[in-house]
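Report on the structure
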Amino acid sequence: MILFDGVAVQYSAGPPILHDVTFTLAPGSFHFLVGRSGAGKSSMLKVLYLGLRPTRGTVSLFGRDVASLNRAEMPALRRRIGVVFQDFRLIEHLSTFDNVALPLRIAGVREAEIKKHVTELLSWVGLKDHLDALPPTLSGGQQQRVSIARAVIARPSLLLADEPTGNVDDVIGLRLMYLFEELNRLGTTVVIATHNDTLVSRFSHRQLRIEDGSIRVFDPRPMTAYPSPQGTMGAPAATGGPPTGPVRRPGAAQ
Amino acid sequence: MFGHSDLPLNRDASARFLPWIIGFMTYLCVIAVAAGLTVDRVAERWRQGLAGNLTVELPFPAELETEKRAEQLDQAMELVADTPGVTGATVLEDHQIAALLEPWLGPDAGQLDVPLPTMIAVTRRTDAVIDLAGLKTKLRQIVPDAEVDDHGDWVADALGFLRSLQALAGALSALALGAAALTVIFVTRTGLATHRGVIEVVHLIGAPDRYIARQFQAQALKLGILGGVVGLGFGAATVLGIGRLIAFSLDAANPGLAFDFRLLPWQWVVLGALPLVVALLAMFTARRTVLRSLAKML
């Protein structure tokens, strides 16, 4: 369960980016986070991946109030969150393989397992021939796929993706969406921030719409009753998708 | 031990200059510790060499007749020999006294027109306690200006001086190690600033501080060992060279003193352990610096 209660985010003396944001996400749910450019999507993702403390309000992840977390407790919580950054944030001196292997190495997975699963996942996202390539030698779309592979390799409990299909063609974009849905089917809560209306309309998942600094919830499925914009959003129906090979991280809760 | 690293610490400028700085500090440490160990050995030799000896000085008046002088000398020898704890007493010949004075008065010391006292070299059991004041009083009843010297004051002064040298060597070693630690702190902080972006990503992926610290400490250990071994090599060569030079000079100037500046095997083991000490110091300093610095980050 993810809970935002009266959350506000403000940078320095500027106007608040988010104010009084309140919602809950059920475990295993799938949401698009939509809104115009500069609306605060990235700020909200930052709060979700513990990269930014809210100016006020309560954020609870997996039953823990993040304000009460001490420094030593943060890494374990972060390991349950996979993040696809908008600017990829790949480590430039590490190969494609090592970038994707990073979450597993941090989690202490054995090298033999790492090799098997990283190779399998990179093959699936079409980068089998680029295992040793350094990120600066890859195209934008390839870097994006590496970033996505790194985010999902440890099969996180929560996957956050900031414009994950922005630099890839439609075919690859669909494959990646199927990957996210497969993860979601296996229990991962997914939040995808995107501008891509076509993508949003193609996959009828619930939407968190940021407008004027606050969140409105929209469910495109007409038969789904939805009580209030600030109510709890349930897990979506399972969707079909391709087989994926992300590793279940030892000790990772679903 | 050095394993996989997510941070490109090997490419930092610090990776090039840190081994040289650590090497130089290790070099200074090796020299200082070797000096301290040598001084310790010299002090022990002096202490042991003089602990079992007494010197009795009998300044006979110049006008005293030869027969009278011999009679008083015999009485003094008999008194010394009968003193409990004394194991032997020998009257030094004139040429032996001249040899003792040679370092101060030159090779013609025996030919100078200076009244020299008669000297008795006394050996005693090292565990014997001799009443020096009582012995002197009795000797003065035979020869009025007789003196008894157990070299205690001289040994105390000399040992005090040697201990000061040892303290100086210890202080120099501590300064060198401190400078090495400060350099590691500076290099580590620079590395944290240089790789801040990567560290943030690794943090966000879920790495605890100790995961990042492990990479810095492994790098510091590796560079510390490299620099330490280089410093030890140059330091050992210098110690050997200086030892031979001093021994050669002293032997040439005064063969009688027989100084020995060679280090014992266990002392070489101590010197050989210094690179490890320096490398471990670098490793723990890097670890502590990283953990303290990261604690101030989000």
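Refer to the preceding data block for the structure.
Now for a look at the structure at hand. On a predicted model such as this, the values are computed, not experimentally measured, just so you know.

Rules used in this analysis
- Residues numbered from 1 in each chain as written.
- Chains lettered and ligands numbered in written order.
- Predicted model: local features only at pLDDT ≥ 70, side-chain atom pairs only at ≥ 80, totals over all residues.
- Heavy atoms only, no water.
- Patch = residues over 30% accessible without salt bridge, like charges linked within 9 Å, V, L, I, M, F, W, Y side chains within 5 Å.
- Areas by Shrake-Rupley, 256 points an atom, 1.4 Å probe, with all protein chains shown as cover.
- Salt bridge = Lys/Arg side-chain N within 4 Å of Asp/Glu carboxyl O.
- Lys, Arg positive; Asp, Glu negative; His and termini not counted.
- Charge placed at Lys NZ, Arg CZ, Asp CG, Glu CD.
- Helix = DSSP H or I, 4+ residues; strand = E, 2+ residues; numbered from the N terminus.
- Pairing = 2+ DSSP bridges.
- Axes fitted to C-alpha atoms, helices over the stretch in contact; angles between N-to-C directions.
- Contact = heavy atoms within 4.5 Å.
- Buried area = accessible area lost by both parts, 1.4 Å probe.
- Polar contact = N/O pair within 3.5 Å; in protein donor to acceptor, adjacent residues only side chain to side chain.
- Nonpolar A, V, L, I, M, F, W, Y, C, P; charged D, E, K, R; others polar.
- Expected span 1.5 Å × (residues − 1).
- Buried < 20%, exposed > 50% of the residue type's maximum accessible area, 1.4 Å probe, protein only.

**Some words on a negative patch on the surface**
Taken together, the side chains of Glu57, Asp149, Asp153 and Asp157 of chain B present a region of like negative charge at the surface. Along the chain, Asp149 of chain B falls in strand 4 (residues 147-149).

**A word on the sheet that holds strand 9 (residues 206-211) of chain A**
Residue and element names in this part refer to chain A. With mixed pairing, six strands are arranged side by side in an open sheet as 6-7-8-3-9-10. Two strands in the sheet have a free side with no partner beyond their single neighbour: strand 6 (81-84) and strand 10 (214-218). Pairwise comparison of adjacent strand axes, ignoring direction, gives a mean angle of 20 degrees for this sheet. Summarising the sheet, strand 3 (residues 30-34) and strand 8 (residues 189-193) pair through four bridges and their orientation is parallel. Residue Phe30 lies in a different strand from strand 8, and its bridge partner there is Val190. Of the strands in this sheet, strand 6 and strand 7 (158-162) touch helix 5 (residues 140-152), which is tilted by about 175 degrees from strand 6. The strands touched by helix 6 (residues 170-185) within the sheet are strand 3, strand 7 and strand 8, with strand 3 carrying the most contacts at an inclination of about 135 degrees.

**Overview of the interface of chain A and chain B**
Of the residues lining the interface, 20 residues belong to chain A; the matching set on chain B comes to 23 residues. When chain A packs against chain B, the two sides together hide about 1,900 Å² of surface, and 63% of this comes from carbon and sulfur. The tally of links between chain A and chain B comes to two salt bridges. The tally of links between chain A and chain B comes to five residue pairs in polar contact (both at pLDDT 80 or more). Elements with a contribution of two residues or more to the side of chain A that touches chain B: helix 2 (74-78) and helix 3 (96-107) of chain A. Broken down by class, the residue content of the side of chain A that touches chain B amounts to 10 nonpolar, two polar and eight charged.

**Things to note about helix 5 of chain A**
Residues and elements named next belong to chain A. With 13 residues, helix 5 extends 19 Å from end C-alpha to end C-alpha; this agrees with the ideal 18 Å at 1.5 Å per step. The buried fraction of helix 5 is high, at 12 of 13 residues. For helix 5, the full list of buried residues reads Gly141, Gln142, Gln143, Gln144, Arg145, Val146, Ser147, Ile148, Ala149, Arg150, Ala151 and Val152.

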